[in-house]
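A look at the structure
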Amino acid sequence: MEHTLSIIKPDGVSRGLVGEVIKRFEGIGIRIVAMKMLHLSKEEAEGFYGVHRGKPFFDSLTNFMSSGPIVVMVLEGEDVIRRNRELMGATNYKEAEPGTIRADFARDIEKNIVHGSDAPETAATEIAYFFSKLEIM
Ligand code: UDP
Ligand code: MG
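Everything in this summary refers to the structure shown in the same document. Since the structure is predicted, the reported quantities are computational estimates derived from the model, not experimental observations.

Conventions adopted
- Residues numbered from 1 in each chain as written.
- Chains lettered and ligands numbered in written order.
- Predicted model: local features only at pLDDT ≥ 70, side-chain atom pairs only at ≥ 80, totals over all residues.
- Heavy atoms only, no water.
- Helix = DSSP H or I, 4+ residues; strand = E, 2+ residues; numbered from the N terminus.
- Contact = heavy atoms within 4.5 Å.
- Salt bridge = Lys/Arg side-chain N within 4 Å of Asp/Glu carboxyl O.
- Buried < 20%, exposed > 50% of the residue type's maximum accessible area, 1.4 Å probe, protein only.
- Near = heavy atom within 4 Å.
- Polar contact = N/O pair within 3.5 Å; in protein donor to acceptor, adjacent residues only side chain to side chain.
- Areas by Shrake-Rupley, 256 points an atom, 1.4 Å probe, with all protein chains shown as cover.
- Nonpolar A, V, L, I, M, F, W, Y, C, P; charged D, E, K, R; others polar.
- Core = buried A, V, L, I, M, F, W, Y, C linked by side-chain atoms within 4.5 Å.
- Phe/Tyr/Trp six-rings, centres within 6.5 Å; stacked < 30°, edge-to-face > 60°.
- Pairing = 2+ DSSP bridges.

1. So, the side chain of asparagine 84
The residue asparagine 84 is located in helix α5 (residues 80-88) in this model. Among residues more than four places away in sequence, those in contact with asparagine 84 are Thr4, Leu5, Ser6, Phe25, Leu75, His115 and Gly116.

Here's what the structure looks like:
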């Protein structure tokens, strides 16, 4: 069974979209096996998004990600990395398929509601960034 990391970003939490996002996961049989709310420091956001260090959007992205509480989840299911990315839609909401989370709710390329791991290796690293083995059901 595959695992992936999902984050409901500060815009998703402040706009009251936590239930909406979770409903979409559960609606297609993706299981939540760990979940918590936290407020990242700037340094913690920079550590999480380390692969993007040096990119023009890095400073703004990490300010945004540390601007308010987020909900972090480990999702479990067959092919869940790809299926979660499919539910999320493209990074740029303007290019996201209709009916995806980002197409339905994002209005900004940065403030795009959700994060999802993009490959098995990044999923493992990202899950370990937030959760110990004991916290995953
Ligand atoms: N991002 C941005 N401008 C860009 C590209 C990305 O602000 O031109 C932000 C956006 O919030 C995105 C995050 O940086 O979700 C990480 O970028 P990535 O390319 O990994 O997109 P994702 O995997 O989230 O679809
Ligand atoms: Mg990414």
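Here the narrative resumes, following the displayed structure.
2. Looking at the pattern of salt bridges
Scanning all chains against the criterion turns up ten salt bridges. In this structure, glutamate 20 engages lysine 23 in a salt bridge whose closest nitrogen and oxygen atoms are separated by 3.8 Å. Linking glutamate 20 with lysine 23, this pair stays in helix α2 (residues 18-27), spanning three residues, or about one helical turn. For glutamate 20, a relative accessible area of 22% translates into the label partly exposed. Close ionic contact of glutamate 20 with arginine 24 constitutes a salt bridge, the shortest N to O distance being 2.9 Å. Taken together, the residues span about one helical turn, with glutamate 20 and arginine 24 both in helix α2 at a distance of four residues.

3. As for the site of ligand 1
Surveying the vicinity of ligand 1 reveals the residues Lys9, Tyr49, His52, Phe57, Leu61, Arg85, Thr91, Arg102, Ile109, Glu110 and Asn112. Interatomic distance of 2.9 Å between a side-chain N/O atom of histidine 52 and an oxygen atom of ligand 1. In the model, an oxygen atom of ligand 1 is placed 2.9 Å from a nitrogen or oxygen of the asparagine 112 side chain. In isolation ligand 1 exposes 500 Å². Once the protein is present, 80% of that is buried. Of the residues contributing to the shell around ligand 1, the split by class is four nonpolar, three polar and four charged.

4. Details of the nonpolar core
Ranked by internal contacts, the top residues of the largest apolar core, which has 19 residues, are Val21, Phe25, Met73, Ile101 and Ile113. Breaking this core down by element, the ones donating at least two residues are α2, β3 (70-77), α5 and α6 (101-105). Contact partners of valine 21, with chain neighbours within four places excluded, come to Ile8, Ile101, Ile113 and Val114. Listed in part, the 18 residues of the second largest apolar core include Ile7, Ala34, Met65 and Val74.

5. Describing unusual backbone geometry
Residue aspartate 79 is not a glycine yet carries a positive backbone phi of 60°. Within the element layout of this structure, aspartate 79 appears in the loop between β3 and α5. Its identity is not glycine, yet isoleucine 113 carries a phi of approximately 75°, on the positive side. Its place among the elements puts isoleucine 113 in the loop between α6 and β4 (114-116).

6. Observations regarding the packing of aromatic side chains
Counted by the stated rule, this structure contains four aromatic pairs. Pairing phenylalanine 48 with tyrosine 49 gives two aromatic rings, centres 5.0 Å apart and planes at 75°, and the pair type is edge-to-face. Classification of phenylalanine 48 as buried rests on a relative accessible area of 8%. Their ring planes at 45° and their centres at 5.4 Å tell us that phenylalanine 48 and phenylalanine 130 sit as a pair that is tilted.

7. As for the environment of arginine 24
Taking the relative accessible area as the measure of exposure, arginine 24 reaches 17% and is therefore buried. With 63 residues separating them along the chain, arginine 24 and leucine 87 place their C-alpha atoms 7.6 Å apart.

8. Structural notes on the pairing of strand β1 (residues 2-8)
Of all seven residues making up β1, five are buried, and the element is well covered by its neighbours. Bridging between β1 and β3 involves seven bridges; their strand directions are antiparallel. Residue pairing in the sheet places isoleucine 7 in a bridge with valine 72 of β3.

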